[in-house]
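Reading the structure
So you can see what is in the structure, the chains are spelled out below.
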Amino acid sequence: MRVGVGLPTSTPGATPELLVEWARTAERLGFTSLGVVDRVVYDCWEPMLALASAAAVTGHARLVTMILIGPLRETAVLAQQAATVAALSRGRLVLGLGIGARHDDYQASGVDPSHRGRDLSAQLAQLRMGDETLSLLVGGAGGPAFMRSARYADGYVHGGGPPRAFAGAAARARAAWCDAGRPGAPQLWGQGYFALGDAERGAAYLRSYYEFTGPFAEKVAAANLVTPQAVKDFVRGYEEEGCDELVLFPTVSELAQLERLAEALA
Amino acid sequence: MRVNVVGAGPAGLYLAILLKKSNRRHQVRVIERNAPDATFGFGVVFSEGSLDELQRADYESYVAITESFASWNPLDVRYRGTTTRIRGNVFSGIARKELLRLLQERADELGVELEFLREVASLEPYLESDLVVGADGANSLTRRTYAEQFRPKLGAHPAKYAWFGADLAFPVFTYIFKETEWGVFQAHCYPFEAHGSTMVVLISEETWRRSGLDEMSEQESLEFTQAVFQDELGAGHRMLGNRSLWMNFPWIACESWHTGNVVILGDAAHTAHFSIGSGTKLALEDAIALARACARWKENREAALTEFEIERQPVVERLQEASRVSADYFASLQRYFTFEPLQFAYQLMTRTPRITHNNLAARDAEFVRSCETWFWSQAGGAAPDGRLVAPPPAFAPLRLREVDLANRLALAPVEDWGAHLRAGAGLVITPLVAVSAEGRIDPTTALAAELPQAPSGGAEVMVSIGHAGRRGAMRPRRQGVDLPLAVPDRWPLISASPLPYAPWTPVPEAADPARLVEPFVEAARQVRELGYRLLELDFSRGYLLASFLSPLANRRTDEYGGSLENRLRGPLAVLAAVRAEWPAELPLGVAYSASDLAPGGLTAADSLEVARRFRAAGADVLRVLTGQTVWETRPEYGRTYGAAYSDRVRNECGVPTIAFGQITTVDEVNTLVAAGRADICILDR
């Protein structure tokens, strides 16, 4: 299993300097991918632009959206953005798409969410037909998400949780792959959150980020990986469940977090 | 902390005990509309796992309760005059009255204020406190008062049920299935004291009406039901009533269980069907979790109630899901009444996916061994007489016409099926082999005319012939599914109606029904000439013949569209013609999508009718698939998700089936095959 790390694009206090330094340092420390998240109605940098910046200062880490809310973007423009980031990074883009979890992002974007699932399917098919070399993943929890990932993408991005939750989703992703009659096997990506040495700030960020889920926010905050042992157990758990690449997202915008994470994984 | 608990059932009393125990200074009051000794229902049952949690939470009440328990380990299934006993199922029962008495005593001892005979008509007088607990049962006033905050989802199970007592102790937990002229009467009977049992009786809505129970008084209904079960009760024994009314089981689930200082628990918040015997245990565990969260968070009520909810909701959801499967099973088990008693009991035990062949063997090795030997013998396994052990069901042979399959495992590779012949499965099903060049899915799809000679040795091969219809002229599936070839590379498509499969795929022409049959017959001839012995017609997943079956794809106005009869006409013509061509000694299968998994698709009843017609037209085995008849569907993946469809088709229509859908272990295959849910299972790749 490969281990990547998220970019600080939605944590409080992110700066341009930090973003660039973070990307460089992550690659130097051996992380294999740099991930971004996507929210419109939240203090969050636009994911494709952030990846474009990271592309300029890195050489081999993959650049992955986990996930980008596809239906918010017009497909031709998204295809062009993807082609641009792929070109700037010499083919390192992995475009993870989903329908997202919040209606406010749709409202703010003026997009009707009532057929977002169909829109995403059509978008995935268009992207795939337009460029067969573009890596596509799909995220989301329901049957249709697994079906889309099997029909139009290269694999599935899990939304986070303990290894057991990932295992359940991975089994469904494989089942959908079989159901669709796709040869081979899906790529399986997982994600988690960490804050090493600053549990309070990490939890505060997660409570704020997941406020829209109500009581679930507390649960996410409580699951934040705040000790090296917790990180190790989590990584081992994901590896055992057949995850191909696990991306750990920071919950505190400090470069020291990266060093501590690398140490925990050493 | 001042706490008002509405309702002195097990949840309310137990919570009061635990809160008071955690801090003697808490003022805990329980308000109950009935008298302390007035209780409805007879015994309550605890199944599933241990009561360790109760032991840790309050040792005193744990000891008092468990000392009053009637515990038993075997259960009996009485069906068609036979009793089958299965060991290793730990159940405990206690009279509800006794349970409440013990909890009342303990609450009283700890200084909980108990107010009986006080009707709560409004929560208003009780809100001036730190915590208001709605432990007021399935009909909860608290939940109704805060419906906007709790957002309850309510439903009712279609079957009718009523709680009775009996004046005898059944020897062990007993299921009785009684066939009557009005339909099946089921009783779930648990002994809970030396001379008393609870009998929950279940019947279908039709049976309830046909028997006249719908118009009987409570006394008449009691006498009628007693007469039905008189043989099982034994002469001189009686059933007892206590508000024994026929009801539909209420489904209750709430998005949230708390708002401000109000919280609900137990049946007020969620119900779980009595057939898995977990309602009381869930209620008591709720109380434990809530009391613990209150102790941990002390002043921070919001945090405590949130933690309670987060901890309990996933547990409750899992049990509710299992209980739904179980309730549906009991409501539909008439379809298994052709089963031999042993298989019937096996099917009953494995009704939810939580119990597999291996789990059952751990509980009662002997029962499973007798099931295995029975299964092996009836499957035509060698040396049936006097066998004491046999290979597990997945490895029993199966005969289809004059072809013998070595076992019940099948593989359905999407590429290079020839490489799977010695993988151990008895059957290898090819990917779609096109009956014509226009019928290919993509340029790599094999043509019947181009198949290699039938291989010898290893698995039997079932050649699946079909026409891709509007799902043709696509790119190879390595990159994805239903992505059309570039325009110059495409070939013309046909489908029942000129509707594209997906918005981005080419529009097909309406197929000419007169030209459907010949390519299939010709392909069947070719397949036979190459020496293959099993043939399948692929009428599934949106391919050409599936487009005739599905009302979502078929908009024809001629005699091939509209009614089910008309939509069946094309597929049945192909089936009949191929059956006539295919040698009588060799089996012919059909693959079909038993559900479109989309609104407006094939109805459940039509789906079964399709299977019956296929069987009547000479299909020897049906591969029961789901979905893909239209591009955007709502599949529900999960362990052995396709088995329920296979089960329905096999046992409602009396045709052997091949199940598919997230079947990944031999243990699952053993379970599905032995329980009669499928005859063959396709293992996921």
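Keep in mind that this is a model prediction, so the values were computed, not measured.

The rules behind each value
- Residues numbered from 1 in each chain as written.
- Chains lettered and ligands numbered in written order.
- Predicted model: local features only at pLDDT ≥ 70, side-chain atom pairs only at ≥ 80, totals over all residues.
- Heavy atoms only, no water.
- Helix = DSSP H or I, 4+ residues; strand = E, 2+ residues; numbered from the N terminus.
- Rg over C-alpha atoms; globule rule 2.2 N^0.38 Å.
- Buried < 20%, exposed > 50% of the residue type's maximum accessible area, 1.4 Å probe, protein only.
- Contact = heavy atoms within 4.5 Å.
- Areas by Shrake-Rupley, 256 points an atom, 1.4 Å probe, with all protein chains shown as cover.
- Salt bridge = Lys/Arg side-chain N within 4 Å of Asp/Glu carboxyl O.
- Domains from an automatic or database assignment.
- Core = buried A, V, L, I, M, F, W, Y, C linked by side-chain atoms within 4.5 Å.
- Pairing = 2+ DSSP bridges.
- Axes fitted to C-alpha atoms, helices over the stretch in contact; angles between N-to-C directions.
- Phe/Tyr/Trp six-rings, centres within 6.5 Å; stacked < 30°, edge-to-face > 60°.
- Lys NZ or Arg CZ within 6 Å of the ring centre and 35° of its normal.
- Buried area = accessible area lost by both parts, 1.4 Å probe.
- Polar contact = N/O pair within 3.5 Å; in protein donor to acceptor, adjacent residues only side chain to side chain.
- Nonpolar A, V, L, I, M, F, W, Y, C, P; charged D, E, K, R; others polar.
- Parallel < 35°, antiparallel > 145°, perpendicular 65-115°, else oblique.
- Left-handed = near helix turned anticlockwise from the far one by under 90°.
- Expected span 1.5 Å × (residues − 1).

1. A look at the overall build of chain B
Of the regular secondary structure elements, chain B holds 20 helices and 30 strands. For a compact globule of 685 residues, the expected C-alpha radius of gyration is about 26 Å, and chain B comes in at 29 Å, within 12% of that figure. Dimensions along the principal axes, computed over C-alpha positions, put chain B at roughly 85 × 60 × 50 Å. Looking at chain B as a whole, 60% of its 685 residues qualify as buried. Intrachain contacts of chain B at a sequence separation of at least 6 include 70% that bridge at least 24 residues.

2. Looking at the overall build of chain A
Of the regular secondary structure elements, chain A holds 11 helices and nine strands. The C-alpha atoms of chain A give a radius of gyration of 17 Å, which matches the 18 Å a tight globule of 266 residues would have. Overall, the C-alpha framework of chain A stretches about 45 × 35 × 35 Å when taken along its three principal axes. The buried share of chain A, reckoned over its 266 residues, is 55%. When the accessible surface of chain A is totalled, it reaches about 10100 Å², and 54% of it is carbon and sulfur.

3. Quick notes on the pattern of salt bridges
In the structure shown here, the tally under the stated rule is 55 salt bridges over all chains. Each of Lys21(B), Asp58(B), Glu60(B), Arg106(B) and Glu109(B) takes part in one network of salt bridges that share partners.

4. A closer look at the domain arrangement of chain B
For chain B, the domain assignment lists domain 1 (2-329) and domain 2 (430-635). On a C-alpha basis, the centroid separation for the pair domain 1 of chain B and domain 2 of chain B is 51 Å.

5. Here's the deal with the nonpolar core
In this structure, Leu248(A), Ile465(B), Leu537(B), Phe614(B) and Leu622(B) are the most contacted members of the largest nonpolar core, which totals 140 residues. When residues of this core are assigned to their parent elements, the largest contribution, nine residues, is made by helix H7 (residues 163-180) of chain A. In contact with Leu622(B), not counting residues within four places along its chain, are Val590(B), Tyr592(B), Ala611(B), Phe614(B), Val649(B), Val655(B), Pro656(B), Thr657(B) and Ile658(B). Core analysis: the second largest hydrophobic core is formed by 67 residues, Ala135(B), Ala272(B), Leu282(B) and Leu305(B) among them.

6. A short note on the sheet that holds strand E7 (residues 91-95) of chain B
Residues and elements named next belong to chain B. Spatial strand order, E3-E7-E4: three strands in an open sheet with antiparallel pairing. With partners counted over all chains shown, the strands left at the sheet margins are strand E3 (43-46) and strand E4 (70-72), one partner each. Mean inter-strand twist for the sheet, computed between neighbouring axes without regard to direction, equals 20 degrees. Sitting on the sheet, helix H4 (residues 96-110) is in contact with E3 and E7, with an inclination near 75 degrees to E7.

7. Here we look at the packing of aromatic side chains
Enumeration over the complete set of coordinates arrives at 45 aromatic pairs over all chains. Their ring planes at 65 degrees and their centres at 6.2 Å tell us that Trp374(B) and Phe375(B) sit as a pair that is edge-to-face. According to the relative accessible area criterion, Trp374(B) is partly exposed, its value standing at 22%. Here the basic side chain of Arg102(A) rests over the ring of Phe212(A), its NZ or CZ set 4.9 Å away from the ring centre.

8. Focus on the pairing of strand E5 (residues 93-98) of chain A
Residues and elements named next belong to chain A. Counting buried positions along E5 yields six of six residues, so the element is predominantly enclosed. The two faces of E5 match: Leu93, Leu95 and Leu97 on one face and Val94, Gly96 and Gly98 on the other face are all buried. Where strand E3 (residues 62-65) lies against E5, two bridges are found, and the strand directions are parallel. Pairing of Leu63 across the sheet is with Leu93, part of E5. The sheet contact formed by strand E4 (residues 68-69) and E5 spans two bridges and is parallel. The residue of E5 that forms the bridge with Ile69 is Gly98.

9. Considerations on the sheet that holds strand E2 (residues 27-31) of chain B
In sheet architecture, strand pairing relies on hydrogen bonds along the backbone and comes in two forms, parallel and antiparallel. All names here are of chain B. Reading across from one edge, E8-E2-E1-E9-E17-E16 is the order of the six strands in this open sheet, with mixed pairing throughout. Every other strand in the sheet has two partners, leaving strand E8 (113-115) and strand E16 (258-259) as the edge strands with one partner each. Taken together, the five bridges between strand E1 (residues 2-6) and E2 define a ladder with parallel strand orientation. Note on E2: the bridge partner recorded for Arg2 is Gln27. Here helix H1 (residues 10-22) sits on the sheet in contact with E1, E2, E8 and strand E9 (131-134), set at roughly 170 degrees to E2.

10. Digging into the interface of chain A and chain B
With 32 residues of chain A in contact, the opposing surface of chain B contributes 33 residues. Taken together, both faces of the contact between chain A and chain B bury some 3100 Å²; the carbon and sulfur share is 54%. Along the contact surface separating chain A from chain B lie four salt bridges. Of the charged contacts in the structure, one is a salt bridge between Arg541(B) and Asp179(A), with a shortest N-O distance of 3.2 Å. At the boundary of chain A and chain B, one finds 14 residue pairs in polar contact (both at pLDDT 80 or more). For the side of chain A that touches chain B, the secondary-structure elements that each account for two or more residues are helix H5 (116-130), helix H6 (143-152), H7 and helix H9 (216-223) of chain A. By residue class, the composition of the side of chain A that touches chain B is 16 nonpolar, six polar and 10 charged.

11. Quick look at the packing of helix H17 (residues 564-581) of chain B against helix H18 (residues 604-616) of chain B
All names here are of chain B. For the pair H17 and H18, the least separation of the axes is 11 Å and the interaxial angle reads 30 degrees. When the interaxial angle is binned, H17 and H18 end up roughly parallel. Seen from above, H17 lies across H18 with right-handed handedness. Together, Leu564, Glu565, Arg567, Leu568, Pro571, Leu572 and Leu575 of H17 and Asp606, Glu609, Val610, Arg613 and Phe614 of H18 make up the contact between the two elements. Broken down by class, the residue content of the contact of H17 with H18 amounts to seven nonpolar, no polar and five charged.

12. A word on unusual backbone geometry
Working note: non-glycine residues mostly have negative phi, and peptide bonds are mostly trans. Of note, the amide linkage connecting Met66(A) to Ile67(A) takes the cis form, showing an omega dihedral of -10 degrees. For Ile67(A), the location among the structural elements is in the loop between E3 and E4. The phi dihedral of Arg80(B) is positive, around 50 degrees, even though this residue is not glycine. Within the secondary structure, Arg80(B) is located in the loop between strand E5 (75-79) and strand E6 (82-86). Residue classification places Arg80(B) among the partly exposed positions, given a relative accessible area of 39%. With a phi close to 55 degrees, Leu117(B) is a non-glycine residue in the positive phi region.

13. Concerning the pairing of E6(B)
Along any regular strand the residues' side chains alternate between the sheet's two faces. Residues and elements named next belong to chain B. The pairing of E5 with E6 spans five bridges and is classified as antiparallel. Bridge assignment links Tyr79 to a residue of E6, and that residue is Thr82. Adjacent in sequence and paired antiparallel, E5 and E6 are bridged by two residues, among which Arg80 carries a positive phi angle near 50 degrees.

14. Examining the environment of Gly142(A)
Inspection of the secondary structure puts Gly142(A) in the loop between strand E6 (135-139) and H6. For the pair Gly142(A) and Ala169(A), spaced 27 residues apart in the sequence, the C-alpha separation amounts to 9.4 Å.

15. Description of the side chain of Thr280(B)
Residues and elements named next belong to chain B. Tracing the chain through its elements places Thr280 in helix H10 (residues 279-297). Among the residues examined, Thr280 registers a relative accessible area of 14% and is labelled buried. When residues no more than four places from it in sequence are discounted, the contact partners of Thr280 are Pro10, Val44, Phe46 and Leu99.

16. Quick notes on helix H14 (residues 365-378) of chain B
Residues and elements named next belong to chain B. Along its 14 residues, H14 runs 20 Å from first to last C-alpha, staying within 8% of the 20 Å computed at 1.5 Å per residue. Burial in H14 covers these residues: Phe367, Val368, Cys371, Glu372, Thr373, Phe375 and Trp376. If you follow the buried residues of H14, they end up packed against E6, helix H12 (341-349), helix H13 (357-363) and helix H20 (666-674). At the exit of H14 stands Gly380, carrying a positive phi of roughly 85 degrees.

17. Quick word on the environment of Trp504(B)
For Trp504(B), the position within the fold is in the loop between strand E24 (494-495) and strand E25 (509-510). According to the relative accessible area criterion, Trp504(B) is buried, its value standing at 10%. A sequence separation of 20 residues divides Trp504(B) from Pro484(B), and the C-alpha atoms of the two residues are 8.0 Å apart. Each residue touching Trp504(B), except ones within four places of it in the same chain, is listed here: Ser121(A), Ala122(A), Ala125(A), Gln126(A), Met129(A), Tyr152(A), Asp482(B), Leu483(B), Pro484(B) and Trp631(B). A distance of 2.8 Å separates a polar atom in the side chain of Trp504(B) from the backbone oxygen of Asp482(B).

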